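Read off the chains here:
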Amino acid sequence: MRLPMTAELPAGAHYGLLAEFDTTKELYHACEKVRDAGYTRWDAHTPFPVHGLDRAMGLKRSPMPFIVLVMALLGGAGGFGLQYWVHSVEYPLTISGKPHFTWPAFVPITFELAVLFGALGAVFGMFALNQLPMHWHPLFFSERFERATNDLFFISIESWDPKFDPVATRRFLEGLGARQVELVQSS
Amino acid sequence: MSHQAPRTLTAESVMLPEGHRLRRLPMLGAAATIVGIGLLTVFGAAHPAKVYAAWLVAFLFFLSLALGALYFVLIHYAVQAGWSVVLRRLGENLASTLPVFALLFVPVLLGMGDLFPWARPEAAGDHLMQWKAPFLNRNFFLLRAAIYLVVWSALALGYARASRAQDATGDVGISKRLRRFAGPAILILAITQTFAAIDWVMSLSPRWYSTVFGVYFFAGCYVSWFALLALLATALRRGPLKDVITVEHLHDVGRLVFAFVCFWAYIAFSQYFLIWYGNLPEETFWYHLRLQGRWQALSAFLAVGHFVIPFFFLMGRTVKRRGPWLTIGAIWVLTVHFLDITWLVLPSIGQGYFSSAILAGAVLAVGGIVTMVFGRRLAGRPLVPIRDPRLAESLALDNA
Amino acid sequence: MGGSTGPEVDEVLTDTSQAVLENPADRRPELILSSPSFGAITDAVAEPLERKTPLGWWLCFLPALGLLGLLGIAVSWLFWEGIGIWGLNVPVGWAWDITNFVFWVGIGHAGTLISAILFLLRQRWRTSINRAAEAMTIFAVMCALIFPGIHVGRVWVAYWMFPLPNQMGTWPNFRSPLLWDVFAVSVYGTVSALFWFVGLVPDLATMRDRTKSKIAKLAYGILALGWRGSNRHWQHYEAAYLLLAALATPLVLSVHSIVSMDFAVSQLPGWHTTIFPPYFVAGAIFSGFAMVVTLMVICRSAFRLEKIITLRHFDYMAKVILLTGCMVGYAYSLEFFTAWYSGNPYEIFTFTNRALGPYAWAYWTMVSCNVLSPQIFWFARARTNIKVLFGVSILVNIGMWFERFVIIVTSLHRGFLPSSWGYFRPTIWDVSCLLGSFGLFFTMFCLFVRFVPMVATAEVKGVLPQANPHHEPQARAAAGAH
């Protein structure tokens with residue numbers, strides 16, 4: 001299920017609640033509970049990827065491997081095709097006495113182009129899936145959130161989540177061991 | 001998952017239980033040996049040269065597995081690997097069969113004249129053979145073979161014994177000593193294995209040479225060992241090692257099979273490609289032999305079967321984590337490795353040296369003996385080094 | 001009792017030399033010393049970027065910039081006058097130009113190995129050095145690409161190397177190793193830069209969020225692409241990182257193999273030998289790690305990062321240098337043996353000429369630097385002694401430059417036709433191009449350490465014990481347990 005981007009949602013007074021945690025352990029268990037409570041429009045924010053957090057959040061597997069495989073195959077096929085066309089069809093030359101179609105000699109460039117396209121798929125596919133660059137986001141309104149890229153861990157629950165309630169959700173998050181819960185404005 | 005108190009295992013819990021299918025290995029091995037020798041006698045009595053050729057193929061195939069196992073054990077110690085502790089004993093057990101190869105080498109010695117052109121009397125009149133005679137002569141060949149087998153046996157038994165001793169004492173000093181010696185040991189193994197490949201395979205075509213040949217043989221050793229390890233690990237998961245060898249270990253072994261399939265392909269292609277491109281007749285004839293007649297189909301099959309198929313098959317995460325799928329992949333890799341050894345050996349010896357019955361006989365005979373020794377070792381000691389200092393780390397492996 | 005204390009060890013190692021020499025087979029040593037907090041790591045790495053530029057930096061940067069200027073002059077003069085300003089002659093048509101190319105490409109490989117291969121092997125110690133190593137790769141590839149570009153002669157038609165449709169209807173020769181080089185090294189540079197940048201994004205976000213300067217905030221902010229540490233993002237990020245590592249690994253093997261094929265696909269004795277691809281790759285890793293050691297020795301003390309780039313890291317790097325040095329030695333021996341074994345008089349002559357001919361001085365420099373000097377790393381004390389590490393790393397780099405020189409020039413200068421035999425002597429312009437390339441490298445590296453977080457802070461934090469949500473701080477293992 002693809003979550004609509006924040007910008008596509010109807011304007012609301014607030015973006016949602018931001019809960020702050022001290023350790024990865026607390027965050028991990030908190031995420032499990034948020035997942036089990038049935039929230040869908042939420043996220044965790046950490047300065048580094050935390051082992052096992054994907055499972056704790058109930059995320060589906062990333063489609064990156066397929067993207068990369070397809071791109072790599074395209075690149076390799078394209079590279080081989082280009083060389084075949086040039087050397088066997090378009091401008092055949094007899095080089096060092098060998099036949100026009102010499103597949104061993106086509107291998108290096110085929111391989112390199114497969115890797116190149118695979119890598120481009122990985123990088124730009126990843127940015128596309130992450131909807132980056134997105135230079136601005138409501139969470140940047142929070143000053144505490146600056147520490148998400150340093151040494152603290154956060155859970156954010158968006159106000160557009162069907163289960164969101166400013167009071168109940170706040171109490172729920174405080175019950176999970178959050179050091180601090182902040183209501184973040186949306187604009 | 002990984003945060004209980006560190007687990008320890010008792011010797012009893014990791015011995016191969018009486019009813020386990022792998023307990024039948026010695027018996028199966030004995031039966032295979034008998035059948036194999038029977039086949040060789042029946043079909044090969046009239047063609048001793050074919051017997052020697054087939055024996056060499058079988059010998060090299062099983063030797064490559066044992067050498068791969070020895071490399072695995074040494075590298076495990078040298079890099080202080082943690083994930084593979086639960087699997088190391090299997091490598092030690094197979095490497096411990098290396099002394100038996102001294103016995104198995106005898107038919108190769110008997111067949112030297114049939115197998116190696118430089119060992120024949122005609123070589124005395126050949127200028128190039130005479131040039132190589134200081135190296136390629138019967139006595140030096142024999143001496144080198146003795147050195148290889150003694151060195152390999154010493155390394156394999158030394159490491160297996162020390163590891164077994166650690167089961168009783170838990171002495172960390174043993175691990176430290178084995179680690180310290182592993183570096184030089186790998187060097188010694190690499191050099192002896194390189195020259196064994198040169199002696200026993202490359203010199204079958206004494207006019208030919210390739211500097212990467214030792215590396216090529218190593219690649220085959222290592223990829224086939226990991227395939228075998230995958231089979232053994234899967235088999236042992238149905239039994240005493242159910243919670244000891246986990247899906248994570250299978251996944252890692254599968255990854256290693258994949259990686260070394262790629263490495264093999266890289267080396268094999270490099271060797272072929274450079275010789276093809278340079279187009280020098282003194283080098284290309286070796287490949288010509290393998291691209292003619294009946295060998296052409298095998299060459300084409302190897303290119304696809306030893307690389308393309310296992311590459312795509314073992315790429316996915318799921319295949320490497322499911323026992324049955326990984327088993328299929330492992331059996332495939334072992335089969336193509338066997339075909340690779342056949343392809344290396346038989347075309348050099350000449351046309352008309354191939355007989356499937358004799359080859360089957362040789363494989364059964366050699367494989368039977370190796371299996372007997374391996375099966376006895378497997379059953380006779382704990383399947384896992386129970387007092388290894390890094391055991392807990394290995395048990396807690398998590399690949400998520 | 002011989003059990004270990006569990007998968008994670010919370011152990012404070014205060015004395016680094018003692019910790020490394022202690023050689024624990026029984027526990028995983030703490031990689032980062034004195035158990036810093038996440039914030040302390042950020043502070044340690046960001047601090048050099050936030051203070052005023054120290055004098056030491058200027059003392060490195062300005063001479064490097066000077067050498068870069070020298071490169072500019074040398075290359076301009078080369079374009080104006082032509083390849084003749086170098087010492088190239090018949091028969092030695094390739095000398096310093098291609099030696100420098102292979103040298104720099106080789107150095108780049110260590111960065112990818114540290115980033116990609118060690119990542120696949122789950123070696124957590126890589127996180128302290130991988131950022132700097134990857135940067136080193138990119139700069140090394142930049143230096144490398146200069147040489148094939150400038151050595152073609154008619155630089156103004158260098159675009160002919162690319163498969164662009166043109167009015168002449170001609171195409172490059174895809175079957176030539178020289179063209180495979182173009183593709184291989186370009187792809188390598190591109191993928192390395194992408195890999196480096198992807199790894200950098202979270203750290204740029206860290207810098208964005210802590211910097212006080214408005215200009216810096218804008219610069220870091222734009223480049224950080226709005227990264228906010230979202231775990232949904234991390235999930236795809238981690239997948240992409242793993243895939244890039246999985247792609248970069250065969251890439252690095254293929255690139256130097258393809259470079260080796262420049263020589264190996266020929267028919268020249270000393271060049272045409274099947275072991276070149278893996279041998280060149282091993283040599284590249286060898287020289288690359290030596291360069292990483294050289295750079296890290298300087299940087300860790302200049303930036304006071306001794307607790308993050310520890311002696312343990314050097315211990316591991318020294319072991320890699322030892323391993324690859326042995327592989328290089330193996331290849332030398334095997335080439336020699338096979339030259340004799342082949343009975344081919346041209347092969348035999350080439351190798352005896354290398355050891356005993358007019359270039360024997362280069363050959364023995366190569367052997368002593370590459371095979372002999374790393375042997376000291378069998379000893380743990382040597383692996384953790386900064387002076388020894390620095391010294392050996394410099395020797396190895398010198399030796400590996402000579403290895404490429406020996407391979408290229410000795411095979412060319414005495415080929416099949418004795419009447420064409422010659423000798424190559426470098427000119428001032430050969431030397432200027434080499435020194436100038438070092439200028440480019442160190443200029444870029446100085447800029448890197450000044451403006452970009454030198455350590456992959458997010459990754460380092462990720463390998464601290466407390467980053468693991470299942471981490472149980474263990475009671476200090478009683479020293480008497482063993």
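See above for the structure.
Scope of this entry: the structure provided in the associated data block. Predicted, not measured: the structure shown is a model, and the values here were computed from it. (Residues numbered from 1 in each chain as written. Chains lettered and ligands numbered in written order. Predicted model: local features only at pLDDT ≥ 70, side-chain atom pairs only at ≥ 80, totals over all residues. Heavy atoms only, no water.)

### Remarks on the overall build of chain B
Inclusion rule: Put simply, DSSP H or I for four residues or longer makes a helix, DSSP E for two residues or longer makes a strand, and each gets a number counted from the N terminus. Radius of gyration: over C-alpha atoms. The globule rule applied is 2.2 Å multiplied by the number of residues raised to the 0.38 power. Relative accessibility decides the category of a residue: with a 1.4 Å probe and only protein chains considered, values under 20% of the type maximum give buried, values over 50% give exposed, and everything between is partly exposed. Here, two residues are considered to be in contact whenever any of their heavy atoms come within 4.5 Å of each other. Only the protein chains shown count as cover for residues, and all accessible areas are computed by the Shrake-Rupley method using a 1.4 Å probe. Note that His is not counted, nor are the chain ends; the positive residues are Lys and Arg, and the negative ones are Asp and Glu. Charge placement uses NZ in Lys and CZ in Arg. For Asp and Glu, CG and CD serve respectively.
Looking only at helices and strands, chain B has 17 helices and zero strands in total. For 400 residues, the compact-globule estimate of 2.2 N^0.38 gives 21 Å, and the C-alpha radius of gyration of chain B, at 21 Å, lies within 12% of that figure. Expressed as lengths along the three principal axes of its C-alpha atoms, the size of chain B is roughly 70 × 40 × 40 Å. Considering chain B as a whole, with its 400 residues, one finds that 61% of them fall into the buried category. Intrachain contacts of chain B at a sequence separation of at least 6 include 83% that bridge at least 24 residues. Approximately 14,400 Å² of chain B is accessible, and the part contributed by carbon and sulfur atoms is 68%. Within chain B, the 18 negative side-chain charges are centred at a point lying 4 Å from the centre of the 33 positive side-chain charges.

### Focus on a nonpolar patch on the surface
Filter applied, for reference: Only residues whose relative accessible area exceeds 30% and that take part in no salt bridge are eligible for patches, with like-charged residues grouped when within 9 Å of each other and nonpolar side chains (Val, Leu, Ile, Met, Phe, Trp, Tyr) grouped when within 5 Å. Any carboxyl oxygen of Asp or Glu within 4 Å of a side-chain nitrogen of Lys or Arg constitutes a salt bridge here.
Taken together, the side chains of Leu-69 and Leu-73 of chain A together with Phe-301, Val-304, Val-308, Ile-309, Phe-312 and Trp-332 of chain B present a nonpolar region at the surface, about 640 Å² in accessible area. Among the secondary structure elements, those contributing two or more residues to the nonpolar patch are helix 3 (64–90) of chain A together with helix 13 (294–313) of chain B. No other element matches the five residues that helix 13 of chain B contributes to the nonpolar patch. Along the chain, Phe-312 of chain B turns up in helix 13. Among the residues examined, Phe-312 of chain B registers a relative accessible area of 43% and is labelled partly exposed.

### Remarks on the pairing of strand 1 (residues 14–21) of chain A
All names here are of chain A. Under the convention used in this document: Here a strand pair is declared whenever DSSP counts at least two bridges between the two strands.
Of all eight residues making up strand 1, seven are buried, and the element is well covered by its neighbours. As defined by bridge partners, strand 1 adjoins strand 4 (residues 180–185) across six bridges and the pair is classed as antiparallel. The residue of strand 4 that forms the bridge with His-14 is Gln-185. Pairing between strand 1 and strand 3 (residues 153–158): six bridges, direction antiparallel. Within the sheet, the bridge partner assigned to Gly-16 lies in strand 3 and is Glu-158.

### Thoughts on the interface of chain A and chain C
Often the size quoted for an interface is simply the accessible area lost on bringing the parts together. We apply this condition: Each of two parts loses accessible area, computed with a 1.4 Å probe, when they are put together; buried area is these two losses added. Any pair of N or O atoms that falls within 3.5 Å is considered a polar contact. Within protein, one atom must be able to donate a hydrogen and the other to accept it, and sequence-neighbouring residues count only if both atoms are side-chain atoms. When residue character is reported, Ala, Val, Leu, Ile, Met, Phe, Trp, Tyr, Cys and Pro are called nonpolar, Asp, Glu, Lys and Arg charged, and the others, Gly included, polar.
Counting from both sides, the interface comprises 69 residues of chain A and, opposite them, 63 residues of chain C. For the pair chain A and chain C, the summed buried surface comes to about 5,700 Å²; carbon and sulfur atoms form 67% of the total. When the buried surface of chain A facing chain C is broken down by residue, Phe-48, Glu-112 and Thr-149 of chain A rank first, second and third, together holding 11% of it. At the boundary of chain A and chain C, one finds 28 residue pairs in polar contact (both at pLDDT 80 or more). The set of elements that each furnish at least two residues to the side of chain A that touches chain C consists of helix 1 (24–36), strand 2 (42–45), helix 2 (53–57), helix 3 and helix 4 (103–129) of chain A. The dominant element in the side of chain A that touches chain C, judged by the number of residues it contributes, is helix 4 of chain A, at 17 residues. Of the residues that constitute the side of chain A that touches chain C, the class distribution is 43 nonpolar, 16 polar and ten charged.

### Here's the deal with the packing of helix 2 (residues 48–78) of chain B against helix 9 (residues 172–200) of chain B
Residues and elements named next belong to chain B. Here is the rule we go by: A fitted line through C-alpha atoms represents every axis, and for helices the fit uses only the stretch in contact; the resulting angles, taken between N-to-C directions, go from 0 to 180 degrees. Should an angle fall under 35 degrees it is called roughly parallel, over 145 degrees roughly antiparallel, and 65 to 115 degrees roughly perpendicular, with every other angle called oblique. Take the far helix as the reference: if the near one is turned anticlockwise from it by less than a right angle, the crossing is left-handed, and if turned clockwise, right-handed.
Interhelical geometry of helix 2 versus helix 9 gives an angle of 155° and a closest axis separation of 8 Å. When the axes of helix 2 and helix 9 are compared, the pair comes out roughly antiparallel. In the packing of helix 2 onto helix 9, the handedness of the crossing is left-handed. Contacts between helix 2 and helix 9 involve Leu-56, Phe-59, Leu-60, Leu-63, Leu-67, Leu-70, Tyr-71, Leu-74, Ile-75, Tyr-77 and Ala-78 on the former and, on the latter, Ser-175, Leu-178, Arg-179, Ala-182, Ala-185, Ile-186, Leu-189, Ala-190, Gln-193 and Trp-200. Along the lines of polarity and charge, the residues of the contact of helix 2 with helix 9 split into 18 nonpolar, two polar and one charged.

### Focus on the environment of Ala-197 of chain B
Residues and elements named next belong to chain B. Mapping Ala-197 onto the fold places it in helix 9. When the C-alpha positions of Ala-197 and Tyr-52 are compared, they lie 17 Å apart, and in sequence the two are 145 residues distant. If we ignore the near neighbours within four places in the chain, the residues touching Ala-197 are Met-202, Phe-213, Gly-214 and Phe-217.

### Some words on the pairing of strand 3 of chain A
As a general feature of sheets, a regular strand has side chains that alternate between the two faces. Most of strand 3 of chain A sits out of view: six of its six residues are buried. In strand 3 of chain A, alternate side chains face the same way, and those of Phe-153, Ile-155 and Ile-157 of chain A on one face and Phe-154, Ser-156 and Glu-158 of chain A on the other are all buried.

### Here's the deal with the sheet that holds strand 2 of chain A
Residues and elements named next belong to chain A. If you walk across this open sheet you meet the four strands as 2-3-1-4, and the pairing is antiparallel. Looking at which strands have only one partner, the edges of the open sheet turn out to be strand 2 and strand 4. For this sheet the average axis-to-axis angle between neighbouring strands, irrespective of direction, equals 20°. On the sheet, helix 1 packs against strand 1, strand 2 and strand 3 and is oriented at approximately 20° with respect to strand 3.

### Describing the interface of chain B and chain C
Each partner contributes to the interface: chain B provides 58 residues, whereas chain C provides 49 residues. Between chain B and chain C the total buried area reaches about 4,500 Å² when both faces are included, carbon and sulfur atoms providing 60% of it. Remark: the boundary between chain B and chain C carries one salt bridge. With its nearest N and O atoms 2.6 Å apart, the salt bridge here joins Asp-252 of chain B to Arg-122 of chain C. Taken together, chain B and chain C are joined by 15 residue pairs in polar contact (both at pLDDT 80 or more). The greatest single-element share of the side of chain B that touches chain C, amounting to twelve residues, is contributed by helix 9 of chain B. A breakdown of the residues in the side of chain B that touches chain C according to their chemical character gives 31 nonpolar, 16 polar and eleven charged.

### Let's talk about the state of the cysteines
Here is the rule: The disulfide definition used here is simple: a pair of cysteine sulfur atoms within 2.5 Å.
All told, the structure shown has zero disulfides over all chains when counted by the stated rule. Here Cys-299 of chain C is not disulfide-linked; the sulfur of Cys-446 of chain C is the nearest cysteine sulfur, at 8.4 Å.

### As for the side chain of Arg-450 of chain C
Residues and elements named next belong to chain C. Following the sequence through the fold, Arg-450 ends up in helix 15 (residues 428–451). It is Glu-50 that comes nearest to the buried, bridge-free Arg-450 among opposite-charge side chains, at 9.4 Å. Within the structure, Arg-450 has its side chain in polar contact with the backbone oxygen of Arg-51 (distance 3.3 Å). One polar contact links Arg-450 to Thr-53, side chain to side chain, over a distance of 2.9 Å. Not counting residues up to four positions away in its chain, the partners in contact with Arg-450 are Pro-48, Leu-49, Arg-51, Lys-52, Thr-53 and Trp-57.

### Let's talk about the pattern of salt bridges
A complete count under the given rule lists 27 salt bridges over all chains for this structure. In this structure, Arg-179 of chain A engages Asp-22 of chain A in a salt bridge whose closest nitrogen and oxygen atoms are separated by 2.5 Å. With Arg-179 of chain A in the loop between helix 5 (166–175) and strand 4 and Asp-22 of chain A in the loop between strand 1 and helix 1, this pair connects stretches of sequence that are 157 residues apart. Looking at Asp-22 of chain A, the relative accessible area reads 32%, which means it is partly exposed. Across the salt bridge formed by Glu-92 of chain B and Arg-88 of chain B, the nearest N and O atoms sit 2.7 Å from each other.

### A look at unusual backbone geometry
Pro-133 of chain A follows Leu-132 of chain A through a cis peptide bond whose omega is 0°. Within the secondary structure, Pro-133 of chain A is located in the loop between helix 4 and strand 3. In this structure, Pro-91 of chain C follows Val-90 of chain C across a cis peptide bond, with omega equal to 15°. As for its placement among the helices and strands, Pro-91 of chain C is situated in the loop between helix 3 (55–81) and helix 4 (96–120). Phi is positive for Ser-96 of chain A, close to 45°, though the residue is something other than glycine. The residue Gln-80 of chain B is not glycine, and still its phi comes out positive at about 55°.

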